[in-house]
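Take a look at the letters that make up each chain.
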Amino acid sequence: MISVEEALEKILSYIDVLGDEEKPILDSIGQVLAEDIYSDINVPPLDNSAMDGYAVRSEDTRNASPQSPHLLRVIDTVMPGSISRHEVEPGTAIRIMTGAPIPKGADSVVRFEDTDEAQREGDSGETGILCKVEAGLNIRRAGEDITQGSTVFSQGVVIRPAEVGVLASLGHRLVKVIRRPIVAVLATGDELVEIGKSLPPGKIYNSNTYSVAALILRYGGIPKILGIALDNEGALVARLRQGLDADMLITTGGVSMGDYDIVKDVLAKEGKIAFWTVRMKPGKPLAFGTIKGTSEAGTARNIPHLGLPGNPVSAMVTFELFARPAILKMLGKKHLVKPTVAAVIENQVINTDGRRIFTRAIVEKRGGQYFARLTGPQGSGILTSMTLANGLVIIPEDTTRVVAGDAVQVMMLNWNEEA
Ligand code: AMP
Ligand code: MG
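Each chain carries its own residue numbering, running from 1 in the written order of its sequence. Chain labels run from A onward and ligand labels from 1 onward, assigned in the order the entries are written. Only residues with pLDDT of at least 70 get local features here, since the model is predicted, and only at 80 or more are side-chain atom pairs given and counted; chain-wide, interface and lining totals rely on the full set of residues. Note that the side-chain values use all heavy atoms of the structure and ignore hydrogens as well as water.

Q: Teacher, can you tell me more about the site of ligand 1 here?
A: Near ligand 1, the surroundings consist of 17 residues, among which E191, N206, S207, G254 and S256 are the closest. Residue N206 places a side-chain N or O atom 2.9 Å away from a nitrogen atom belonging to ligand 1. Values of accessible area rely on a 1.4 Å probe in the Shrake-Rupley scheme; residue burial ignores everything except the protein chains shown. Summarising the interface, the protein chains cover 80% of the accessible area of ligand 1, which totals 480 Å² for the free molecule. Taken atom by atom, the bulk of ligand 1 overlaps the largest pocket. Numbering of helices and strands runs from the N terminus; a helix is a DSSP stretch of H or I covering at least four residues, while a strand is a stretch of E covering at least two. Of all elements in the fold, only β12 (182-188) and β14 (204-205) reach the threshold of two or more residues within the shell around ligand 1. As a working rule, the residues Ala, Val, Leu, Ile, Met, Phe, Trp, Tyr, Cys and Pro are called nonpolar, Asp, Glu, Lys and Arg charged, and the rest polar, with Gly in that last group. Looking at the shell around ligand 1 residue by residue, the classes come out as five nonpolar, ten polar and two charged. Nearness is judged by heavy atoms alone; a residue qualifies as near a molecule or strand once a single heavy atom is within 4 Å of it. Each polar contact in these results corresponds to two N or O atoms within 3.5 Å; when the atoms are within protein, one needs to be able to donate a hydrogen and the other to accept it, and residues that are neighboring in sequence are counted only if both atoms are side-chain atoms. A cavity here means a set of points on a 1 Å grid, drawn over the protein atoms and nothing else, where a 1.4 Å probe fits but cannot get out; a pocket is an open set with protein on both sides within 12 Å along at least five of seven lines, and a residue lines either one if it has an atom within 4 Å of a point. Any molecule with more than half of its atoms within 2 Å of a cavity's or pocket's grid points is counted as sitting in it.

Printed below as a string of structure tokens:
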């Protein structure tokens, strides 16, 4: 049995970063930039006003004070989006709104609050300046956000809302990013019934397909649902073949001791087995290998195949540990590790057989310290434990027991890898 680290290293050695695609900026959120972005404009394009007020020559305000306002003749008004045709000459001012380009001749803006604006009714044709301003005051300089000709983003950057906004401020409609992996999902089991159908005696609904597909979406992949395969080789191969255009295949079930041979035999016949079973709990019966497929160009291609255990909790936990980093790697992401925190555990956990245990826990911060308490029964069929949990407490292989008050590491399920 190999360790969690060995299993992950092996899986990632079969995973490559995917090619790129060009798409509308809003659709690129969460993806990795596949080009360097240069700016061919200044942002903002022109010097403009940071305030509503009057564009003036600062030397005209030298002797201004509330006691002796300095009167200037108002010769124009300039709004954002237009340019004044007038020039501010000595003794004159131009009324200006936030974002409007600074008129010729002016070197500063006096905000309304520093004029006698409030005392004036209607358009008096002049304004009284109440204080001295320095050249440059209340002016946002052309290019102060982005300078023309500069590199704004280098490839490898993860697109977040701020990057989308900056791309828009440069006028980009499309952006080149690493494409999202298509991950085929196949559930196995004679006992499974598709959701929406009635439940005959002895059967259960197929939940794994949906928890796994939801995880694929959460981490940036595109799920391709292949449905349910009955527990025989023919059925499994027939369904798997429908997923051979995917970037990765995930099956659930058919890997525990009883029906071990189905997925193993199919992997062996249709591809190659890399490993079986990992020293962890839940999730020991994990299979990984490659299935022979064909690429778009018609050449032979090996598709990574992750055979997750059928138990609903095991399927989700092994997904977090192995499928999630694989998807992130295909997406071109650099940070593949879920953040962990040190916490005080509030329950006892016994480790009987030297595996690494991942228990579902509710993590809370109290008085600057994280505490982790178990969600309740930890059976690998108790999927509601995953809905309660925000963390997985990690009990190392060589720890036979932790008791309430012990320090543990907890993998934070809702924290972002970039955090
Ligand atoms: P297996 O790994 O196929 O032996 O399955 C282990 C346990 O998980 C069994 O109790 C199965 O009924 C259950 N199981 C397997 N696949 C699914 C699924 N897609 N949805 C819900 N439960 C499943
Ligand atoms: Mg089964």
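From this point, the narrative continues.
Q: Would you explain the pattern of salt bridges in this entry?
A: Definition used for salt bridges: Asp or Glu carboxyl oxygen within 4 Å of a side-chain nitrogen of Lys or Arg. Evaluation of the coordinates by the stated rule reveals 21 salt bridges. Close ionic contact of R373 with E364 constitutes a salt bridge, the shortest N to O distance being 3.5 Å. Partly exposed residues are those whose accessible area sits between 20% and 50% of the maximum for their type, while under 20% is buried and over 50% is exposed, using a 1.4 Å probe and protein chains only. When its relative accessible area of 32% is taken as the criterion, R373 is described as partly exposed.

Q: I would appreciate a short explanation of the sheet that holds strand β4 (residues 53-56) in the present structure.
A: Pairing between the strands of a sheet comes from backbone hydrogen bonds, and it takes one of two forms, parallel or antiparallel. One open sheet holds the five strands; their spatial order is β7-β4-β6-β5-β8, and the pairing between them is mixed. This sheet does not close on itself; its edge strands, each paired only once, are β7 (108-111) and β8 (126-129). Across the sheet, the mean angle from the axis of one strand to that of its neighbour is 40°, orientation sign disregarded. As judged from the three bridges shared by β4 and strand β6 (residues 92-96), these two strands associate in the antiparallel manner. Across the sheet, the residue bridging to A55 is I94, located in β6. Strands were regarded as paired on the criterion that DSSP finds at least two bridges between them. Interaxial angles span 0 to 180 degrees and are taken between N-to-C directions of axes, which are lines fitted to C-alpha atoms, for helices over the stretch in contact.

Q: What should I look at first to understand empty space enclosed by the protein in this one?
A: Gaps left between atoms are located by rolling a probe of water-molecule size over the structure's atoms. Grid points are joined across faces, edges and corners, and a volume is the space filled by probe spheres set on the points. Applying the stated criterion across every chain, the model contains one cavity of 30 Å³ or more. Computed from the structure, the largest cavity encloses a volume of approximately 40 Å³. Looking at the lining of the largest cavity, the elements that each hand over two or more residues are α4 (233-241) and α5 (260-270). Top contributing element to the lining of the largest cavity by residue count: α4, with three residues. When the residues that make up the lining of the largest cavity are grouped by side-chain class, the tally is five nonpolar, no polar and two charged.

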